[in-house]
Amino acid sequence: MMRAFRILTFAVAAAAWLAPPTIRRSLAPRRVLEERVDAAPTHVLPEGESTVERLDEASTTDAAPSHVLDVEALEWKLLKSLRSCVLEYGMIEDGAKVLVACSGGKDSNALLYLLKQAQRRRLFRGIDFDVVAVHLDQKQPGHDVEPLRAWLEDDVGVDFQVIEEDTYSVVVDKTKAGKSYCSLCSRLRRGILYTHAERRGAGVLALGHHRDDALETLLLNMVHNGQLKSMPARYVASRGVDVVRPLMYAAEADLLAYADAMAFPILPCNLCGSQPSGTSQRGEAKLLLHALDAFAGADDARRNMLRALSDVRPSHLHDRALREAAGLDPLTGSPVHARALPIHKDPTGASDALLNDN
């Protein structure tokens, strides 16, 4: 049965991949984009002003090459999603030091670069913050940090540190045959980052997880753990470190195209790549998302699934403790407390009448 399901999933996903991409990738060098941005009159700001209004406008110049416009439009799209996420969750306060965990992958590189762009363009009105970076060298065989170091120093211009911890040997030794390395590796890495954030005086730790990571986690928890749980956009770790994911509204396809166009250095994860095929379930979750794309239309499924994480109806779920905490009757789901009104919309008005009678 499982084999048949996987075959069906692969078939539907293949059909989804045949659809034309919604984002044209550009191979424009990063320096060309920077020259374009720095030279554009709309980016030259009087003292004290910001470019927030530019996030809702298309960047157009008749003389600019079309491939440059594509990359700039993509960058503004990502900046707009990052700004929305940061402001809606209050991720960065005035005077904050934000530590970006820069693994060398496309997502964390894009996060670091976009945060620096947001800082330079003053996209968060009234909020001044500092951005620093850390790279964790986990002592994987063949790991070369120098391309990332050169990029951080020469191109990004950010204060950064490389810390060395041999988690590779621990993960390989402790993981049972046939099991995924990712879970233990992630826990060890996260603990090291929490410690480093404390030592560096950074109250905010920023991770590069994006929308599709959250949706894959949602599917994995539902299918394998029987839990309706995903990645939070913001949470406080046990050590008091404020952990944020500013790219939670960004699509992986956009980040991939952006990293491609900007020629970010990409450091491969040799630990993940060394796992036998089928060990990690996240790849199959990606296929399920592709299947849902074919079912609901290009990117509609993912946008709606992300929206669903912020529009939960406890009265239509089976968690009785959640119903009670939300001011609903744990058995019937009917509102019994005023706090239930914002999440319980009864078109007949019976909910309001019931609460007024009480």
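Scroll up to find the structure this text is about.
The numbers attached to residues start from 1 for each chain and follow its sequence in the written order. pLDDT decides what is reported in this predicted model: residues at 70 or higher carry local features, side-chain atom pairs at 80 or more are listed and counted, and totals for whole chains, interfaces and linings draw on all residues regardless. Water and hydrogen atoms play no part in the side-chain values, which are based on all heavy atoms of the structure.

Visitor: I'm lost on the packing of helix H8 (residues 211-225) against helix H11 (residues 282-296) in this one. Help?
Guide: Relative placement of two packed helices is described by the angle separating their axes and the distance separating the axes. Structural elements are reduced to axes, namely lines fitted to C-alpha atoms, with helices fitted over the stretch in contact, and the angle between N-to-C directions of any two is expressed from 0 to 180 degrees. For helices the rule is a DSSP run of H or I covering at least 4 residues; for strands it is a run of E covering at least 2, with both sets numbered from the N terminus onward. Between H8 and H11, the shortest axis-to-axis distance is 9 Å and the interhelical angle comes to 105°. Here H8 is positioned roughly perpendicular relative to H11, judged by the angle of their axes. The segment H8 lies against H11, with Asp 212, Asp 213, Leu 215, Glu 216, Thr 217, Leu 219 and Leu 220 engaging Arg 282, Ala 285, Lys 286, Leu 288 and Leu 289. The residue inventory of the contact of H8 with H11, partitioned by class, reads six nonpolar, one polar and five charged. Orientation is classified from the angle alone, with under 35 degrees giving roughly parallel, over 145 giving roughly antiparallel, 65 to 115 giving roughly perpendicular, and any other angle giving oblique. Two residues form a contact once any of their heavy atoms are found within 4.5 Å. Each residue gets one of three labels, nonpolar for Ala, Val, Leu, Ile, Met, Phe, Trp, Tyr, Cys and Pro, charged for Asp, Glu, Lys and Arg, and polar for the others, Gly among them.

Visitor: Would you mind showing me how to read helix H12 (residues 300-308) here?
Guide: Because an α-helix packs 3.6 residues into every turn, residues spaced three or four apart end up facing the same way. Accessibility here uses a 1.4 Å probe with only protein chains present; expressed as a share of the type maximum, an area under 20% marks a residue as buried, one over 50% as exposed, and anything in between as partly exposed. Here H12 has its buried residues at Ala 301, Arg 302, Met 305 and Leu 306. Within H12, the buried residues cover an arc of 130° as seen down the axis, which keeps them to one side. On its buried side, H12 packs onto H8 and H11. The arc in question is the one traced by the directions running from the helix axis out to the C-beta atoms.

Visitor: Is there a simple way to think about the packing of aromatic side chains in this case?
Guide: For any pair of aromatic rings, geometry is given as the distance between the ring centres together with the angle between the planes. Side-chain rings of Phe, Tyr and Trp (the six-membered ring for Trp) are treated as a pair once their centres are within 6.5 Å; stacked means planes under 30 degrees apart, edge-to-face means over 60, and tilted covers the remaining angles. Under the counting rule described, the total for this entry stands at four aromatic pairs. Pairing Phe 124 with Phe 129 gives two aromatic rings, centres 5.6 Å apart and planes at 40°, and the pair type is tilted. Take Phe 124 and Phe 129: they sit in the same class, and that class is buried. Site record: aromatic cluster; members linked through ring pairs are Tyr 113, Trp 151, Tyr 258 and Phe 264. Put simply, a charge is over a ring when the Lys NZ or the Arg CZ is close to the ring centre, within 6 Å, and near the line of the ring normal, within 35 degrees. Over the ring of Trp 76 we find Arg 121; its NZ or CZ atom is 4.6 Å from the centre of that ring.

Visitor: Can you help me understand the pattern of salt bridges in this one?
Guide: A side chain of one charge can pair with a side chain of the opposite charge if their charged atoms are brought near each other. The term salt bridge refers to a pairing of a side-chain nitrogen on Lys or Arg with a carboxyl oxygen on Asp or Glu at a separation within 4 Å. Evaluated as defined, the whole model comprises 19 salt bridges. When the shortest N-O distance is used, the salt bridge between Asp 254 and Lys 77 registers 3.0 Å. Remark: Lys 77 occurs in helix H3 (residues 66-88) and Asp 254 occurs in helix H9 (residues 252-262); sequence separation between them is 177 residues. With relative accessibility at 4%, the residue Asp 254 sits in the buried group. Looking at Lys 77, the relative accessible area reads 47%, which means it is partly exposed. With a closest N to O distance of 3.3 Å, Arg 200 and Asp 159 form a salt bridge. With Arg 200 in helix H7 (residues 182-200) and Asp 159 in strand S3 (residues 159-164), the pair connects residues that are 41 residues apart, well separated along the chain. By sharing partners, the salt bridges in this structure join Arg 211, Asp 212, Asp 293, Asp 299, Asp 300, Arg 302 and Arg 303 into a single network.

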